[in-house]
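# Observations on the three-dimensional arrangement
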Amino acid sequence: MKTKCYKCNSIVNTRQRVFNIMGFEVRGWKCPKCSEEYYEGDDINKVLVYNKLKKGIPVKVGALGSSLVMRLPKEVSSVFDIKKGQEVILRVKDKELVVEV
Ligand SMILES: [Zn+2]
């Protein structure tokens, strides 16, 4: 495919390839002239969400009857492919509450 590199402005002939970024498969292409890399938005978004999760994402605690519920942001559920009704495991790890998918 012919495409334009926005870093060096070259029109280059490229083919899509798969990069491994932090363990995630990310489709994209690399400019043969300046080595700039371009990634598919959906794929690189998983890496961005993963990075956000390492710092922590605040979620609100609500109530459902006598139980408390936590809302899982859509971006998180899509990265981990968590569906409504699915069971996850709550576990204590190094004194922190961890959700295992
Ligand atoms: Zn380039």
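Counting restarts for each chain: residues are numbered from 1 in the order of the written sequence. Only residues with pLDDT of 70 or above have their local features reported here, since the model is predicted, and side-chain atom pairs are shown and tallied only from 80 upward, although totals for entire chains, interfaces and linings are computed over all residues. The side-chain figures draw on all heavy atoms in the structure; neither hydrogens nor water molecules are used.

Once that is clear, we can look at the nonpolar core. The criterion is simple. A nonpolar core is a set of buried Ala, Val, Leu, Ile, Met, Phe, Trp, Tyr and Cys residues joined through side-chain atoms within 4.5 Å. Burial classes follow relative accessibility: with a 1.4 Å probe on protein chains only, a residue under 20% of its type's maximum area counts as buried, one over 50% as exposed, and anything between as partly exposed. Counting residues in each nonpolar core, the largest one holds nine residues, listed as Phe19, Ile21, Phe24, Val26, Ile44, Val47, Val49, Val76 and Val79. Numbering of helices and strands runs from the N terminus, with a helix taken as a DSSP run of H or I at least four residues long and a strand as a DSSP run of E at least two residues long. Of all the secondary-structure elements, those providing two or more residues to this core are strand E3 (17-21), strand E4 (24-30), helix H1 (41-55) and helix H2 (74-79). For this core, the leading source of residues is H1, giving three residues. Apart from the residues within four sequence positions on either side, Ile44 is in contact with Ile21, Val26 and Tyr39. Judged by nonpolar contacts, the second largest core, of five residues, contains Cys5, Val12, Trp29 and Tyr38. Throughout, a contact is declared for two residues whenever any of their heavy atoms are within 4.5 Å.

Structurally, Gln86 is set in the loop between H2 and strand E8 (89-93). Counting along the chain gives 15 residues from Gln86 to Val101, while the straight-line C-alpha distance between them is 9.0 Å. At 2.9 Å, the side chain of Gln86 forms a polar contact with the backbone nitrogen of Lys83. Any pair of N or O atoms that falls within 3.5 Å is considered a polar contact. Within protein, one atom must be able to donate a hydrogen and the other to accept it, and sequence-neighbouring residues count only if both atoms are side-chain atoms.

In this section: the side chain of Asp43. By the element assignment, Asp43 lies in helix H1. Contacts of Asp43, omitting those with residues within four sequence positions, involve Glu25, Val26 and Arg27.

Moving on: the layout of surface pockets. Only protein atoms enter the 1 Å grid used here. Points where a 1.4 Å probe fits but cannot escape make up a cavity, open sets with protein on both sides within 12 Å along at least five of seven lines make up a pocket, and a residue lines them when an atom lies within 4 Å of a point. Grid points are joined across faces, edges and corners, and a volume is the space filled by probe spheres set on the points. Considered as a void within the structure, the largest pocket measures approximately 970 Å³ in volume. Along the walls of the largest pocket sit 26 residues, with Leu53, Leu72, Leu97, Val98 and Val99 positioned nearest its centre. Sorting elements by how many residues they give to the lining of the largest pocket places strand E9 (residues 96-100) first, with five residues. Broken down by class, the residue content of the lining of the largest pocket amounts to 19 nonpolar, two polar and five charged. Segment limits for the domains were obtained from an automatic or database-derived domain assignment. Three or more residues apiece are contributed to the lining of the largest pocket by two domains, here domain 1 (1-55) and domain 2 (57-101). Under the scheme applied, nonpolar residues are Ala, Val, Leu, Ile, Met, Phe, Trp, Tyr, Cys and Pro; charged residues are Asp, Glu, Lys and Arg; polar residues are all the others, including Gly.

Structural measurements only, silent on function.
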